[in-house]
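The residues making up each chain are set out below.
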Amino acid sequence: MQWFNSRLIHSLSIKASVLVLCVSSVIGLVAGFALMNSQNKLTSDAAIQDVQQLSSLQANIISQHLSSLARLGEVSHRQLVSRLNSRYTEQSASELHFNKLENGAYRARSGEIGVFVGASGKLTTAEIQMANKLVSVWHDIANAAIPSFSSYFFISSEQLSVTYPAKLAEQLPATHNFEEDIFYRIGTPKYNPTRQPIWTPVYFDDIQNQWLTSLIIPVYIQGEFVGVVGGDFILQQLNELIISEVDVLTGRQIFVFDNSGNLIYYPDFKHVLSHQDAKLNTELNNFQSAPSFLQEIIREALIKGRFESESTFVVTGDKRVSVSPISDLNWYVGAYDKFEPFAEYTSKLQLSIFFAIAAAALLLSLLVFWFLNQFVLARLRIMFDAFKEHQQGQFELKGLVKDNDEIGQVARSMMAMSSEISGLIEGLNEKIIEKEIAELAALKLSNAVKHSETAIAITDENFIIEFVNPKFIELCGREEDELIGATLKTVIDNQMAWMLDAAYEQLNMGHTWKGDLLLTHSNGESIWVSQTVSPMTEDINGGRHFVAATQDISQIKKNQKKMEKLAYHDPLTNLYNRTFFKAQLTKSLEMTKRGHFSFALFYFDLDQFKRVNDTLGHEAGDELLIEIAKRLVRRLRAEDTIARLGGDEFAVILSGVATVERATAMAIDIQNVIREPVQLSGAEVLVSASIGITMSPKDAMSIETLLRNADLAMYRAKAAGRNTHYFFTDDLDKAVKESLLIESELRVALRELQFELYYQPQVDLKTGKLFGFEALIRWNHPERGMVSPAIFISVAEQSGLIVELGEWVLAEASMFIARLNEKYNENYTVAVNLSARQFKDKGVASVIRSSIINARIKPEWLDIELTESMLMGDISEALHQLDDIKALGVQMSIDDFGTGYSSLSYLKKFPVDTLKVDRAFIKDIPEDTDDMAISDAIIAMAHKLKMKVIAEGVETPEHVEFLIKNNCQIGQGYLFSPPLSEEKLHQFIETEQKNYEALFCRTEQK
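Residues numbered from 1 in each chain as written. Predicted model: local features only at pLDDT ≥ 70, side-chain atom pairs only at ≥ 80, totals over all residues. Heavy atoms only, no water.

A. How the structure looks around the pattern of salt bridges. By the definition in use, this model includes 28 salt bridges. For R109, the salt bridge identified is with E112, shortest N-O distance 3.2 Å. The class for R109 is partly exposed, based on a relative accessible area of 42%. Since its relative accessible area comes to 38%, E112 is described here as partly exposed. Of the charged contacts, one joins R637 and E639 as a salt bridge, the two residues approaching to 3.5 Å between their closest N and O atoms. Look at R637 and you get partly exposed, because its relative accessible area is 26%. Each of the salt bridges in this network shares a partner with another, and the network as a whole consists of D605, D607, K718 and R722. (Salt bridge = Lys/Arg side-chain N within 4 Å of Asp/Glu carboxyl O. Buried < 20%, exposed > 50% of the residue type's maximum accessible area, 1.4 Å probe, protein only.)

B. Inspection of the packing of aromatic side chains at higher detail. Tallied over the full model, the rule gives 27 aromatic pairs. Here Y184 and F225 contribute two aromatic rings whose centre-to-centre distance is 6.5 Å and whose plane-to-plane angle is 55 degrees, an arrangement assigned as tilted. Separated by 41 residues along the polypeptide, Y184 in helix α5 (residues 182-185) and F225 in strand β9 (residues 224-234) bring together distant segments of the chain. Across this residue pair, the class does not change: Y184 and F225 are buried. (Phe/Tyr/Trp six-rings, centres within 6.5 Å; stacked < 30°, edge-to-face > 60°. Helix = DSSP H or I, 4+ residues; strand = E, 2+ residues; numbered from the N terminus.)

C. Focus on unusual backbone geometry. Cis geometry is found at the peptide bond from Y164 to P165, where omega equals 10 degrees. Inspection of the secondary structure puts P165 in the loop between β5 (160-164) and α4 (167-170). The omega torsion of the bond from S696 to P697 falls at 15 degrees, within 30 degrees of zero and hence cis. Along the polypeptide, P697 turns up in the loop between β25 (689-696) and α19 (703-719).

D. The arrangement of the nonpolar core in detail. Membership of the largest hydrophobic core comes to 84 residues, with the highest contact counts inside it found for F773, I848 and I885. Broken down by element, the residue count for this core peaks at 11 residues, all from helix α22 (residues 801-824). The contact partners of I885, leaving out residues within four places of it in the chain, are L834, F839, V844, A845, I848, I864, V890 and M892. Core analysis: the second largest hydrophobic core is formed by 58 residues, Y106, V137, Y152 and F233 among them. (Core = buried A, V, L, I, M, F, W, Y, C linked by side-chain atoms within 4.5 Å. Contact = heavy atoms within 4.5 Å.)

E. Representation of the sheet that holds strand β20 (residues 599-606) within the structure. Strand order across the open sheet formed by 5 strands is β21-β22-β20-β25-β26, with mixed pairing between neighbours. The sheet is open, and its two edges are formed by β21 (641-646) and β26 (725-727), each paired on a single side. For this sheet, the mean inter-axis angle between neighbouring strands, taken without regard to orientation, is 20 degrees. Two strands pair when backbone bridges link them, and β20 and β25 are joined in this way by 8 bridges, in the antiparallel orientation. The residue bridging F602 from the neighbouring strand is I693, located in β25. Across the sheet, helix α15 (residues 578-593) touches β20, β21, β22 (649-655) and β25, and the angle it forms with β22 is around 25 degrees. Here α19 sits on the sheet and contacts β20, β25 and β26; the angle it forms with β25, its principal contact strand, is near 145 degrees. (Pairing = 2+ DSSP bridges. Axes fitted to C-alpha atoms, helices over the stretch in contact; angles between N-to-C directions.)

F. Structural context of the sheet that holds strand β19 (residues 545-552). The antiparallel open sheet is built from 5 strands, whose spatial order is β16-β15-β19-β18-β17. Sheet topology places β16 (465-468) and β17 (513-520) at the edges, where each strand pairs with a single neighbour. Going across the sheet, the axis of each strand differs from the next one's by a mean of 30 degrees, ignoring polarity. In the packing of helix α13 (residues 499-508) onto the sheet, contacts are made with β17, β18 (526-535) and β19, and the angle to β17 comes to roughly 150 degrees.

G. Up close: helix α21 (residues 789-799). Those residues of α21 that fall on the buried side of the exposure criterion are F792, V795 and A796. Axial view of α21: buried residues confined to an arc of 100 degrees, hence all on one face. Residues of α21 that are exposed and point more than 90 degrees away from the buried face comprise A790 and Q798. As for α21, its buried residues are in contact with α20 (730-752), β27 (755-764), β28 (770-781), β29 (785-787) and α22. (Arc of directions from axis to C-beta.)

H. Structural detail: the packing of α20 against α22. Two elements in contact, α20 and α22, have axes separated by 11 Å at closest approach and are oriented at 30 degrees. Classified by the interaxial angle, the pair formed by α20 and α22 is roughly parallel. Crossing of α20 over α22 shows left-handed handedness. Together, E743, L746, R747 and L750 of α20 and L801, E804 and L805 of α22 make up the contact between the two elements. Residues that form the contact of α20 with α22 fall into these classes: 4 nonpolar, no polar and 3 charged. (Parallel < 35°, antiparallel > 145°, perpendicular 65-115°, else oblique. Left-handed = near helix turned anticlockwise from the far one by under 90°. Nonpolar A, V, L, I, M, F, W, Y, C, P; charged D, E, K, R; others polar.)

I. Seen up close, the side chain of D460. Structurally, D460 can be placed in strand β15 (residues 455-460). A polar contact of 2.8 Å, which involves the side chain of D460, links it to the backbone nitrogen of I464. Residues within four places of D460 in sequence aside, it is in contact with E466, R544, H545 and F546. (Polar contact = N/O pair within 3.5 Å; in protein donor to acceptor, adjacent residues only side chain to side chain.)

J. Examining helix α28 (residues 929-944) more closely. In a regular helix each residue adds 1.5 Å, so 16 residues correspond to 22 Å; α28 covers 22 Å between its end C-alpha atoms and thus fits that length. The opening residue of α28 is D928, an N-cap whose side-chain oxygen sits 2.9 Å from the backbone nitrogen of D930. After α28 finishes, the residue K946 shows a positive phi value of roughly 60 degrees. (Expected span 1.5 Å × (residues − 1).)

K. Molecular detail of the pairing of strand β4 (residues 151-156). Across the 6 residues of β4, 6 count as buried, placing the element largely inside the fold. Side chains S151, F153 and I155 project from β4 onto one buried face, and the interleaved Y152, F154 and S156 project onto a second face that is buried too. The pairing of β4 with β9 spans 6 bridges and is antiparallel. When the bridges of β9 are listed, F154 appears paired with V229. The pairing of β4 with β5 spans 4 bridges and is classified as antiparallel. Of the residues in β5, the one forming a bridge with F153 is T163. What sits between β4 and β5 in their antiparallel hairpin is a turn of 3 residues, with Q159 showing a positive phi close to 70 degrees.

L. The arrangement of the layout of surface pockets in detail. Computed from the structure, the second largest pocket encloses a volume of approximately 1400 Å³. Considering the residues around the second largest pocket, the lining is formed by 31 residues, among which R107, E170, E822, R856 and W861 are closest to the centre. Where the lining of the second largest pocket is concerned, the elements lending two or more residues are β1 (99-100), α22 and α24 (844-855). Looking at the lining of the second largest pocket element by element, the count peaks at 5 residues for α22. Looking at the lining of the second largest pocket residue by residue, the class counts come to 13 nonpolar, 8 polar and 10 charged. (1 Å grid on protein atoms, 1.4 Å probe; cavity = no way out; pocket = protein on both sides within 12 Å on 5 of 7 lines; lining within 4 Å. Points joined across faces, edges and corners; volume = space filled by probe spheres on them.)

M. Summary view of the confidence of the model for the protein. Looking at the protein, pLDDT values average 81 and 82% of them are 70 or higher. A low-confidence stretch, residues 244-249 (pLDDT under 50), is modelled with 8 contacts involving residues beyond four sequence positions or located in other chains. (pLDDT = per-residue confidence, 0-100.)

N. Main features of the environment of R637. For R637, the position within the fold is in the loop between α17 (618-635) and β21. Leave out the neighbours within four places in its chain, and R637 touches L654, S655, V657 and R662. One polar contact links the side chain of R637 to the main-chain carbonyl oxygen of S655, over a distance of 2.7 Å.

O. Structural view of the environment of Q551. With respect to the secondary-structure elements, Q551 resides in strand β19. Sequence spacing of Q551 and I456 is 95 residues, and the spatial spacing of their C-alpha atoms is 9.0 Å. Discounting chain neighbours no more than four positions away, the residues touching Q551 are E453, T454, W528, V529 and S530. At 2.8 Å, the side chain of Q551 forms a polar contact with the side chain of T454.

P. The arrangement of the pairing of β9 in detail. Across the 11 residues that make up β9, a large majority, 10, are buried. Judged from the 10 bridges that link them, strand β8 (residues 210-221) and β9 form a sheet pairing that is antiparallel. Bridging across to β9, I217 finds its partner in V229. Between β8 and β9, which pair antiparallel one after the other, the connecting turn spans 2 residues, and Q222 there sits at a positive phi close to 55 degrees.

Quick look at the structure:
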């Protein structure tokens, strides 16, 4: 604080400098403030004039364009009315051909002109005459109107509509009612009694997929309202009009809004129209989606009406806004100062002036300070600093001793005296510090040894104990008197006493010895300790001593054993775990590489273990695993390594097993042991094992390869029927490599769309007519040609590619049935098989929904086929998934019925429409009476459950006769047609006389 007062508060140079700084700053600030006010006034007036001119100019441009559209509409209206007046006296030169649709609607087309009569209207003779007359003149009207309007239309009071382009009429639903459309209602006498042309509010057209406003002109014939004529003005044209007509000044921005506050145009607001989800007749409502500052501008303009009383107004701080109305549509054009360039320039100028004033004042102050400090105060400060440093034990006068004036003489005298005093003080301080350090070090060492948690003993060169600390006494359980004079070997376990001899050799060489020893407690207990013995410096008599530091590590040793058990053992079965197993496998391989050692690796899991978990619970599953582990330990040898790798997976290393015969015998023994009944808490169960076997060094010499080989062999054993064993072979390896190659090529095929769908017809056995089709995938490989699904479907399932492949099939089949039904005006169905992986996917319902929406098909045209086995896992989850899919409105079928093990109690709960009888039950009819009985039973059961039945594999007339006799509704097979490409399928459908139709005539005669 004293330094602060002397150097700053009481400094003459600082005071003078501050005074100059303050005076200069005040004068500069007053001048700068006056200059800024004048500059701000000029820039503000210029900005106001710019935004006024810009909003007015753009409002006039838009108004003139809309007025020209209105005039064009009135000209077309007069031409239309003139033509309609003549319809009662003239006959049409050409007649339209109307197609009647479902629900009573009609459509017709002439070139790009579409005609539509909704189901709620009537196609009378008068309406037909009106349509013919309108079509005859509509080309001329549309050619004049379309360059300015996106579409032009006429809607009569009887639900007749004539449109240009034709797609507006063709894409309307059959049940469409024009009374609900805003572009019709606004022209009716109820809403437009003055019969004037009128613009609609902005609304969404889902056919043109655009936001637009329509110019609507009512049509009256002899004073009677007959309909409206209108043209659509897409708001995107407004954007083009503004961009092409207005040269927006730098820093200015244009926006357009209506009297409801909806933002119609704003260049920086990219989603001004697309932000709102909409369908036909949805009016624009996006005020809340507009930027907050535009919302404030719109509120000021509409609610407070500021643009009516003020040519411009200011919002959000300093934005200058001008609003001009477009009266024809109740729209408004706004312009505002977007970047405020003049204000920015003014701010920069202000900052420049203020910085200049501050710099000038600071420079002047520094000059005054330098002058006073250099020529008046510098010598006084040197003397002050010198005396101050002397009080702190330092004395440095720098260059002052060279001066010859009075200050220089005093400085030299004080320097000499200070040197003498400093020498005396330094010598005394060194002695005191050395003594204090020695005493403190001795005290610390004594306390450290006394209170140390490390047991410390000092011995002579013969390990005779001369000193022990309290911790050493506690660790040995003996009194201090017993220890002093005794040898160190008396407290060490006899079996480890020899280690002191090894320690003595190290100590003699001047090295420290470290090791773990067993210390003997007085109660006979052995304690693990970490022992460190170090040589000490010789004492004054030349004697040598050793210091022994002992640390109790008994708990660490116990923890190590526990950690080893936790790290290398499975906590449930107490078998070795995967980590230890891999380590042992590594050791076995190393021994094999050195020669004269072979072993067999068994890899297996329990067949149907999941069923035990699902039926009896996971606790029962754990009991089963524990019992199986005990049996394996009892059966196998001590030198064999048994491990549980996870779940119900086990692995065994059989040491010294070099032949296939011996490995086979061991595998049979293990299977026999596992097959014995297991008594659990809840029930007695029988399980089996599928074992994969690989031999080393014959099959492989690496861990990864051995494990892979054993795993492949195990899955081949499962595929062979379970409860068996399988040795790894080269053929199995080749099959795996072929599978990997197919997987790789499948990924390329998906990317390059090498797949194609074939369709096998399904025939109504009652009428002989086509009912639908089953979609069957084909892979058109660029090198292999057409690849059978039997080769690549299983690979796609295993790799997960079936999900992406299945999505493509769903989408392609949906588009196919949409094209087919549209072309033939039918309601055919297409069946698509879902894979097990697809069915388990939580998003499968969403995928199906997207396919239906994208193809624009009726949901009931799509038939989703599932197999029995896919439904018999987690029943509750399967039911939930089925309900989600069925909620979409699609058909659902169970494929290959009768080949699985489905429960009839569950079957009646499934929301299924159709059962498909597997071809295995059809192919041997009528020779195989058992197949006939099974098929008859399946058909009867399906009818009882109110399900349809489709029989697969229909290949002979006898098959058809049997199925018709047993009331099977649908047949599918090569008798009717093999799977066909879409092109050949069209030829099949269009064939008037099909080969199989005679079968149904013959059946009816019988």
